[in-house]
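Examination of the molecular architecture
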Amino acid sequence: MANAPRRRRTSKPAEQVKADLLAAAARLFATRGFSDVGIADIARAAEVATGTFYSYFTSKDDVLFQIRCSVLDGLLERAASEPAGPGADAWWQAADAVIDSTVRFWFEDRDRSRVVLRGSVADDAAQVAPVLAVTFAEALRQGRRSGAVRHDIDVEMAAGLLIHGVFGLVYQAIVHDDVKDPAPLIAGIIALARHLLEPPGIRERPAAERAADPCSLHVPTDGSSRIR
């Protein structure tokens, strides 16, 4: 009787094994909860031996920490935008793109996001908020210079309000409401950001006029201060 052919063993690159373990852990933590998942469960879901787990992580807590770090690093990367061109329209185009990209980031891996948002949302916000606040405050100052952002607001306070407000809305959408499509949430955040930041009357000006004279602000002559 001929011997049965041996199964050829395939090896994955170390980076792929680690990524598979992180993805498996995020999936299990999101569906079963951190306390109900064991290291053997993570290894089995990633299709590796339990001992292999310890080549990449020291414990379950280490896995959770690295999941959180990957989310925060990715979020900061998305929030870093290219400098906007001159004029209010160009600044708002760049700002809208950053809002769209950062919100969509949370929806790209919902299991991973649920783990981070459910676990220690206050701790995660505390880690990333100061860095984002500096970035956003500087962007708002640039927006002032381009005529896109009103001059009667505190840019640091506005940056903090936007960061924590968006974080809270994403938390609600993913953890509690199980929102699948982020587009309406993004549109709402952009509308609120414009309502908060745009100078009165800027929407009434033609785009060509705003581009030609980006630093002058039009205030309605009827005494109103409509902000859309």
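Residues numbered from 1 in each chain as written. Predicted model: local features only at pLDDT ≥ 70, side-chain atom pairs only at ≥ 80, totals over all residues. Heavy atoms only, no water.

**Description of the environment of Gly-147**
Counted only if it meets this: Comment: elements are numbered from the N terminus, with helices defined as DSSP H or I runs of at least four residues and strands as E runs of at least two.
With respect to the helices and strands, Gly-147 occurs in the loop between helix H6 (110-146) and helix H7 (155-176). Separated by 61 residues in sequence, Gly-147 and Pro-86 have C-alpha atoms that sit 9.4 Å apart.

**Quick word on the packing of aromatic side chains**
When we look at a pair of aromatic rings, we describe it by the centre distance and by the angle of the planes. Our working rule: Note on aromatic pairs: the rings of Phe, Tyr and Trp (six-membered ring only in Trp) are paired at centre separations within 6.5 Å, and the planes decide the class, stacked below 30 degrees, edge-to-face beyond 60, tilted for the rest. Three labels apply to residues, based on accessible area from a 1.4 Å probe with only protein chains included: buried if under 20% of the type maximum, exposed if over 50%, partly exposed otherwise in between. Put simply, a charge is over a ring when the Lys NZ or the Arg CZ is close to the ring centre, within 6 Å, and near the line of the ring normal, within 35 degrees.
On inspection of all chains with the given rule, the structure shows six aromatic pairs. Ring centres 6.2 Å apart and planes at 70° place the aromatic pair Phe-105 and Trp-106 in the edge-to-face group. Summarising the burial analysis for this pair, Phe-105 and Trp-106 share the class buried. Taken together, the ring pairs in this structure connect Phe-53, Tyr-54 and Phe-57 into an aromatic cluster. Positioned above the aromatic ring of Phe-34 is the side chain of Lys-60, whose terminal nitrogen or guanidinium carbon lies 4.2 Å from the ring centre.

**Thoughts on H7**
Condition: One fewer than the residue count of a helix, multiplied by 1.5 Å, yields its expected span.
Taking 1.5 Å per residue as the helical rise, H7 with its 22 residues ought to reach 32 Å, and the 31 Å between its terminal C-alpha atoms agrees with that figure. For H7, the full list of buried residues reads Val-155, Ala-158, Ala-159, Leu-162, Ile-163, Phe-167, Val-170, Ala-173, Ile-174 and Val-175. Of the residues trailing H7, Asp-178 is marked for its positive phi of about 55°.

**Remarks on the confidence of the model for the chain**
We count it as follows: Per-residue confidence from the predictor is reported as pLDDT, which spans 0 to 100. Contacts were defined at the residue level, with two residues in contact if any of their heavy atoms lie within 4.5 Å.
Confidence along the chain averages 81 in pLDDT terms, with 77% of residues attaining 70 or more. Across the chain, element-level confidence peaks in helix H2 (residues 39-45) with a mean pLDDT of 96 and bottoms out in helix H9 (residues 207-212) with 50. The low-confidence segment residues 4-9 (pLDDT under 50) makes zero contacts with residues lying over four places distant or belonging to another chain. Predicted confidence is poor over residues 213-228, with pLDDT under 50, and the contacts of this stretch with residues over four places away or in other chains come to 31 contacts.

**Let's talk about unusual backbone geometry**
Here Glu-47, not a glycine, exhibits a phi torsion of approximately 65°, which is positive. By the secondary structure assignment, Glu-47 is in the loop between H2 and helix H3 (50-53).

**Details of the pattern of salt bridges**
For clarity, the threshold we go by: Salt bridge, as used here: a side-chain nitrogen of Lys or Arg that lies within 4 Å of a carboxyl oxygen of Asp or Glu.
Here the structure, examined in full by the defined rule, presents 15 salt bridges. Its salt-bridge partner being Asp-100, residue Arg-104 comes within 3.0 Å of it at the nearest N-O pair. With Arg-104 and Asp-100 both in helix H5 (residues 88-108), this residue pair falls four residues apart, about one helical turn. By relative accessible area, which is 32% here, Arg-104 ends up partly exposed. On the basis of relative accessible area, Asp-100 is assigned to the partly exposed category, the value being 27%. Notably, a salt bridge pairs Lys-180 with Asp-178, separated by 2.7 Å at the nearest N-O pair. The class of Lys-180 is exposed, set by a relative accessible area of 58%. Of the residues examined, Asp-178 reaches a relative accessible area of 34% and is grouped as partly exposed.

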